[in-house]
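Observations on chain architecture
Okay, here's what each chain looks like letter by letter:
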Amino acid sequence: MHIKSLETIGVEVAAVCDIKLAPPAFSDYKEMLAAGGFDVVHVCLPHYLHAEVSIAALEKGIHVLCEKPMATTVADAEAMLAAAKKSGAKLSVVFQNRYSPGAQLIKSTLQSGELGAVKSGWLRVTWLRDEGYYAASDWRGKWATEGGGVLINQSIHTFDMVNYFLGNPTAVDANIANRAHPYIEVEDVAEGVIFYGKTAISFFVNTYHPYDAPASIELICENGRAKLIGENATITFANGQEKTAGADIDAQRKFRMKSYWGVSHIKQIKAFYDTLETGLECSGLQTQKLINGIYESSKTCSKHYPLL
């Protein structure tokens with residue numbers, strides 16, 4: 001997906017590093033970084049390697065675009081940002097769903113003030129990940145390498161989207177469990193409430209649903225409601241008027257991508273390269289704090305675990 005996006009925006013792929021060799025490739029990222037000859041590294045590795053490889057690149061002054069999650073711990077995420085600040089290289093985290101037309105419509109409408117203050121809301125991600133999914137990759141399903149389960153992997157985009165709409169969360173009250181995947185260590189279900197000041201957003205996520213239902217968000221506002229189901233956004237105002245946005249069909253056809261998330265990869269990757277000149281970047285720190293805060297809230301039985 002990243003190489004397709006880079007080809008689309010005219011960026012040359014100078015090297016590839018993977019333990020499954022395909023020329024031109026390196027099998028050791030340290031050798032690739034030492035060889036140089038490139039300005040940016042895309043980190044698309046298992047979660048536990050995100051911080052290690054990103055920091056190594058940043059320390060050499062190489063810009064980094066890292067796939068979600070930013071890291072597996074808040075400490076590692078903060079270390080990545082510190083390395084970027086020290087070297088002056090740019091660091092950005094891939095949360096491409098922010099770039100979908102539906103997300104952009106809701107974001108702009110909230111910013112305009114038309115909907116008024118957000119009073120409450122909810123998010124839901126109910127997908128299916130079976131035993132074969134975990135057997136296919138030895139790093140998934142383990143705390144040490146994946147960093148968690150349904151929260152840090154499958155539903156993190158939806159949590160990030162709520163942060164994108166509402167800003168930095170202040171606290172969380174949550175529970176996690178493993179109810180249907182005895183062959184993995186990590187959680188397959190989580191539920192709770194995220195607080196954005198006095199605004200409470202409830203959530204329910206799992207990976208034992210019979211199928212991948214569209215991820216959903218609804219925000220209840222003073223002057224109406226904003227709902228995002230999959231890639232389809234509907235804003236319904238109290239006076240009956242509506243705004244809608246759906247898939248970017250033109251972009252899908254143009255770039256031959258299979259869904260909105262692929263097209264959105266192109267959009268975010270292009271934005272990253274465009275902003276290398278301006279110094280802007282997208283940090284995943286607040287979403288990292290939220291995900292790890294949910295784990296801590298469940299572990300400590302904290303009813304109002306602070307995130308700030």
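Each remark here, short or long, concerns the structure printed above.
Residues numbered from 1 in each chain as written. Predicted model: local features only at pLDDT ≥ 70, side-chain atom pairs only at ≥ 80, totals over all residues. Heavy atoms only, no water.

**Focus: unusual backbone geometry**
To keep it simple, the criterion reads: Helix and strand definitions here come from DSSP, where helices need a minimum of 4 consecutive H or I residues and strands a minimum of 2 consecutive E residues; each element is numbered from the N-terminal end.
In this structure, Pro69 follows Lys68 across a cis peptide bond, with omega equal to -10 degrees. By secondary structure assignment, the location of Pro69 is in the loop between strand S4 (63–67) and helix H4 (74–87). With a phi close to 60 degrees, Cys301 is a non-glycine residue in the positive phi region. Here Cys301 lies in the loop between helix H10 (285–300) and strand S14 (305–306).

**Thoughts on the packing of aromatic side chains**
The condition that has to hold: What counts as a ring pair is set by centres within 6.5 Å for rings of Phe, Tyr and Trp (its six-membered ring), and what kind of pair is set by the plane angle: stacked under 30 degrees, edge-to-face over 60, tilted for all other angles. Each residue is assigned to one of three classes by its accessible area relative to the maximum for its type, calculated with a 1.4 Å probe on protein chains only: buried under 20%, partly exposed between the two thresholds, exposed over 50%. Note on criteria: charge over ring means Lys NZ or Arg CZ within 6 Å of the ring centre, with the direction from the centre no more than 35 degrees off the ring normal.
One pass over the full model with this rule turns up 6 aromatic pairs. Pairing Tyr134 with Tyr183 gives two aromatic rings, centres 6.4 Å apart and planes at 55 degrees, and the pair type is tilted. One end of the pair, Tyr134, is in helix H6 (residues 131–135); the other, Tyr183, is in the loop between strand S7 (171–177) and strand S8 (189–196), with 49 residues separating them in the sequence. On the basis of relative accessible area, Tyr183 is assigned to the partly exposed category, the value being 36%. Ring geometry for Tyr164 and Phe165: centres 6.0 Å apart, planes at 40 degrees, overall tilted. Summarising the burial analysis for this pair, Tyr164 and Phe165 share the class buried. By the ring-pair criterion, three or more aromatic residues cluster together here, those being Tyr133, Tyr134 and Tyr183. Directly above the aromatic system of Tyr133 lies the positively charged group of Arg129, at a separation of 5.3 Å from the ring centroid.

**Thoughts on the nonpolar core**
The cut-off we apply is this: We define the nonpolar core as a collection of buried residues of types Ala, Val, Leu, Ile, Met, Phe, Trp, Tyr and Cys that are connected through side-chain atoms lying within 4.5 Å of one another. Here a residue-residue contact requires only that any non-hydrogen atoms of the pair lie within 4.5 Å.
Phe159, Phe165, Phe203 and Leu219 are the most contacted members of the largest nonpolar core, which totals 67 residues. Among residues more than four places away in sequence, those in contact with Phe159 are Leu123, Leu151, Ile194, Phe203, Val205, Leu290, Ile291 and Ile294.

**Focus on the sheet that holds strand S10 (residues 216–221)**
Note the following rule: Strand pairing requires that DSSP identify at least two bridges connecting the strands. The angle between two axes is taken between their N-to-C directions and runs from 0 to 180 degrees, where each axis is a line fitted to C-alpha atoms and a helix contributes only its stretch in contact.
The strand order across the open sheet formed by 9 strands is S13-S12-S11-S10-S6-S9-S8-S7-S14, and the pairing between neighbours is mixed. The open sheet has two edge strands, strand S13 (242–245) and S14, and neither has a second partner. Alignment of S8 against strand S9 (residues 199–206), held across 8 bridges, turns out to be antiparallel. Following the sheet pairing, Glu191 is matched in S9 by Phe204. Docked against the sheet, helix H5 (residues 101–112) engages strand S6 (118–126), S10, strand S11 (224–229), strand S12 (232–237) and S13, running at close to 30 degrees with respect to S12. The sheet strands contacting H10 are S7, S8, S9 and S14, and the helix crosses S7 at an angle near 70 degrees.

**What to know about the state of the cysteines**
As a reminder of what qualifies: What counts as a disulfide here is a pair of cysteine sulfur atoms lying within 2.5 Å.
With the rule as written, the count across this model stands at 0 disulfides. With no disulfide partner, Cys66 has as its closest neighbouring cysteine sulfur the one in Cys44, 8.1 Å distant. Classification of Cys66 as buried rests on a relative accessible area of 0%.

**Looking at the sheet that holds strand S5 (residues 91–94)**
Hydrogen bonding along the main chain pairs the strands of a sheet, whether they run parallel or antiparallel. Read from one edge of the open sheet, 3 strands run S3-S4-S5, paired in parallel fashion. Every other strand in the sheet has two partners, leaving strand S3 (40–43) and S5 as the edge strands with one partner each. Within the sheet, the average angular offset between the axes of one strand and its neighbour, ignoring direction, is 15 degrees. Of the pairings in the sheet, the one linking S3 to S4 comprises 4 bridges and is parallel in character. In the sheet register, Val40 faces S4, and the bridge partner there is His63.

**A closer look at H10**
We count it as follows: Expected helix span is computed as 1.5 Å times (number of residues minus one).
Compared with the 22 Å implied by 1.5 Å per residue over 16 residues, the 22 Å span of H10 between its first and last C-alpha is a close match. Inspection of H10 places Leu285, Thr287, Gln288, Leu290, Ile291, Asn292, Gly293, Ile294, Tyr295, Ser297 and Ser298 among the buried residues, and these make up the whole buried set. On the buried face of H10, the contacting elements are H4, helix H7 (156–166), S7, S8, S9 and S14. Following H10 by one or two positions, Cys301 has its phi on the positive side, about 60 degrees.

**Quick word on the packing of H4 against H10**
Heads up, the condition is: Roughly parallel refers to an angle under 35 degrees, roughly antiparallel to one over 145, roughly perpendicular to one between 65 and 115, and oblique to any angle outside these ranges. Three categories are distinguished: nonpolar for Ala, Val, Leu, Ile, Met, Phe, Trp, Tyr, Cys and Pro, charged for Asp, Glu, Lys and Arg, and polar for the others, with Gly belonging to the last.
Between H4 and H10, the least distance of the axes is 9 Å, while the angle of their chain directions is 170 degrees. As far as their axial angle goes, H10 and H4 are roughly antiparallel. Across from Val74, Ala77, Glu78 and Leu81 in H4, the residues of H10 making contact are Leu285, Gln288, Lys289 and Asn292. Among the residues making up the contact of H4 with H10, the classes are represented as 4 nonpolar, 2 polar and 2 charged.

**Quick look at the side chain of Gln154**
Definition in use: Whenever two N or O atoms come within 3.5 Å, that pair is a polar contact, provided that in protein one can donate a hydrogen and the other can accept it, and provided that, for residues adjacent in sequence, both atoms are side-chain atoms.
Considering the arrangement of structural elements, one finds Gln154 in the loop between H6 and H7. Overall, Gln154 belongs to the buried group, its relative accessible area being 5%. Reaching out from Gln154, the side chain makes a polar contact with the side chain of Tyr133 at a distance of 3.1 Å. For Gln154, the contacting residues outside a window of four places in its chain are Val125, Trp127, Arg129, Tyr133, Gly149 and Thr207.

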